[in-house]
Amino acid sequence: MTANPVLEVRNAGKVYGVDETLVTALHGASLSVAPGELVAVRGASGSGKSTLLHLAGGLDAPSTGDVLVEGQSLAGLSRKDLARLRRRSIGYVFQDLNLVPSLTAAENIALPRELDGTSAAEARTEALAALAEVGLREVADRFPDEMSGGQQQRVAIARALIGPRRLVLADEPTGALDSETGEGVMRLLRARCDAGAACLLVTHEPRHSAWADRVVFLSDGAIVDETTADAPAVLDLGALT
Ligand SMILES: Nc1ncnc2c1ncn2[C@@H]1O[C@H](COP(=O)(O)OP(=O)(O)O)[C@@H](O)[C@H]1O
Ligand SMILES: [Mg+2]
């Protein structure tokens, strides 16, 4: 028996702009991610990877098609219910991190839990545990501008993994990290999937897609290929990106 998917993207299209500024960023993409699955998304710059992740995370609505998280169509939710679903069920690592500059590392991580009604003390305890998991317990009380790029990135990852998130979306989360720290992040994502979460990861690094159960390729807004990470074909794909 196959478990119900955590994420289902059904024939989703996305058009930005109007008339002469119109860009079709995604053409009818379909994708399911089951509990326990780590799916890597690859493709050239501008191929629609971030757009796909935005739709999957309910940050933006598809122009056509539908996105379901835990069986719930995002199109049917009020803004308030959508915001709650995002806080509770979806962890998001943004390509540009999006840490709140006026909050410390621990406060940034605790914020979604506090917004969700967890007490400040409990949220801080969870935040410190999440920081320890990414090997950064010592930066808890530093502000983003007092941390290196790699530290900020790990804080953003800790924020995405805190609490019982069932869907983790990560847009090139290892970009500013050295290879050893990047591997550590992949290990964390893999562990979260092995514990039952579904994870969609945009990455340029073939060695990071090797941690995935499947790799999806985007080209000009269309999913052109899907392969299992351990299939021989993936060994040749490093040359393509
Ligand atoms: N907010 C936006 N407004 C207009 N065009 C956009 C916007 N976001 C992305 N695009 C365009 O959509 C296409 C896909 O972008 P994106 O999803 O960011 O690709 P990737 O993450 O693969 O680099 C690109 O042509 C990009 O310029
Ligand atoms: Mg992108």
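For the structure, check the block above.
Residues numbered from 1 in each chain as written. Chains lettered and ligands numbered in written order. Predicted model: local features only at pLDDT ≥ 70, side-chain atom pairs only at ≥ 80, totals over all residues. Heavy atoms only, no water.

### Examining the site of ligand 1
Note the following rule: We define proximity as follows: a residue is near a molecule or strand when any one of its heavy atoms falls within 4 Å of that partner. In the analysis that follows, any N or O atom pair within 3.5 Å is treated as a polar contact, provided that within protein one partner can donate a hydrogen and the other can accept it, and provided that, for residues neighboring in sequence, both atoms belong to side chains. Shrake-Rupley sampling with a 1.4 Å probe provides the accessible areas, and residues are treated as covered by the protein chains on show and by no other component. Secondary structure is summarised from DSSP: a helix means a run of H or I of at least four residues, a strand means a run of E of at least two, and numbering begins at the N terminus for each. Classification used: nonpolar for Ala, Val, Leu, Ile, Met, Phe, Trp, Tyr, Cys and Pro, charged for Asp, Glu, Lys and Arg, polar for all others including Gly.
Near ligand 1 the following residues occur: Tyr16, Val23, Ala25, Ala44, Ser45, Gly46, Ser47, Gly48, Lys49, Ser50 and Thr51. At 3.2 Å from an oxygen atom of ligand 1 is found a main-chain nitrogen or oxygen belonging to serine 47. Within the backbone of glycine 48, an N or O atom sits 3.1 Å from an oxygen atom of ligand 1. When ligand 1 sits alone it has 560 Å² of accessible area, and the protein chains cover 59% of it. For the shell around ligand 1, the secondary-structure elements that each account for two or more residues are β2 (23–33) and α1 (49–56). Ranked by residues supplied to the shell around ligand 1, first place goes to α1 with three residues. Across the shell around ligand 1, the residue classes tally to four nonpolar, six polar and one charged.

### Observations regarding the layout of surface pockets
Going by this rule: Cavity: a set of points on a 1 Å grid over the protein atoms alone where a 1.4 Å probe fits but cannot get out. Pocket: an open set with protein on both sides within 12 Å along at least five of seven lines, its lining residues, like those of a cavity, having an atom within 4 Å of a point. Grid points are joined across faces, edges and corners, and a volume is the space filled by probe spheres set on the points.
Space inside the largest pocket adds up to approximately 410 Å³. Taken together, 18 residues make up the lining of the largest pocket; nearest its centre are Arg86, Arg87, Phe94, Pro112 and Arg165. Of all the secondary-structure elements, those providing two or more residues to the lining of the largest pocket are α2 (79–89), β6 (90–93), α3 (105–115) and α5 (149–161). Top contributing element to the lining of the largest pocket by residue count: α3, with four residues. Per-class residue counts for the lining of the largest pocket are 10 nonpolar, four polar and four charged. In terms of lining residues, the second largest pocket is bounded by 14 residues, among which Ala61, Pro62, Leu74, Ala75 and Leu82 are the most central.

### Description of the environment of alanine 129
Take alanine 129: it is sitting in helix α4 (residues 120–133). Sequence spacing of alanine 129 and alanine 158 is 29 residues, and the spatial spacing of their C-alpha atoms is 9.0 Å.

### Here's the deal with the side chain of glutamine 151
In plain terms, the rule: When accessible area is computed with a 1.4 Å probe and restricted to protein chains, residues below 20% of their type maximum are described as buried, those above 50% as exposed, and intermediate ones as partly exposed. The contact criterion used throughout is that any non-hydrogen atoms of two residues lie within 4.5 Å.
For glutamine 151, the position within the fold is in helix α5. We classify glutamine 151 as buried; its relative accessible area is 16%. Sequence-distant contacts of glutamine 151, defined by excluding residues within four places in its chain, comprise Leu136, Val139 and Arg142.

### Some details on the pattern of salt bridges
Note the following rule: By definition here, a salt bridge exists when the distance from a side-chain nitrogen of Lys or Arg to a carboxyl oxygen of Asp or Glu is within 4 Å.
Counting across every chain of the model gives 14 salt bridges. For arginine 84, the salt bridge identified is with aspartate 81, shortest N-O distance 3.2 Å. Taken together, the residues span about one helical turn, with arginine 84 and aspartate 81 both in helix α2 at a distance of three residues. Judged by its relative accessible area of 31%, arginine 84 is partly exposed. Notably, a salt bridge pairs arginine 124 with aspartate 141, separated by 3.3 Å at the nearest N-O pair.

### Side note on the sheet that holds β2
Put simply, the test is: At least two bridges found by DSSP between two strands are what make those strands a pair. All axes are obtained by fitting lines to C-alpha atoms, using only the stretch in contact for helices, and the reported angles, taken between N-to-C directions, cover 0 to 180 degrees.
Reading across the sheet, the four strands line up as β2-β1-β4-β5 and stay open at both edges, with antiparallel pairing between neighbours. Strand pairing shows two members of the sheet lacking a second neighbour, β2 and β5 (72–73), which therefore form its edges. One ladder, built from seven bridges, connects strand β1 (residues 7–16) with β2; its direction is antiparallel. The residue bridging valine 9 from the neighbouring strand is leucine 31, located in β2. In this fold α1 packs onto β1, β2 and β4 (64–69), with an angle of close to 120° to the strand it touches most, β1.

### Overview of the nonpolar core
Convention followed: Put simply, a nonpolar core is a bunch of buried Ala, Val, Leu, Ile, Met, Phe, Trp, Tyr and Cys residues held in one set by side-chain atoms that sit within 4.5 Å of each other.
If you look at the biggest cluster of nonpolar residues, it comprises 39 residues, and the most contacted ones within it are Leu38, Ile109, Leu131, Val134, Val139, Val155 and Leu189. Contributing elements (two or more residues each) for this core: β3 (38–43), α3, α4, α5, β7 (167–171), α6 (179–194), β8 (198–202) and β9 (214–219). What leucine 189 contacts, discounting residues up to four positions off in sequence, is Leu161, Val168, Pro173, Cys199 and Leu201. The next biggest cluster of nonpolar side chains, apart from the first, holds 30 residues, and it includes Val9, Ala12, Leu26 and Val216.

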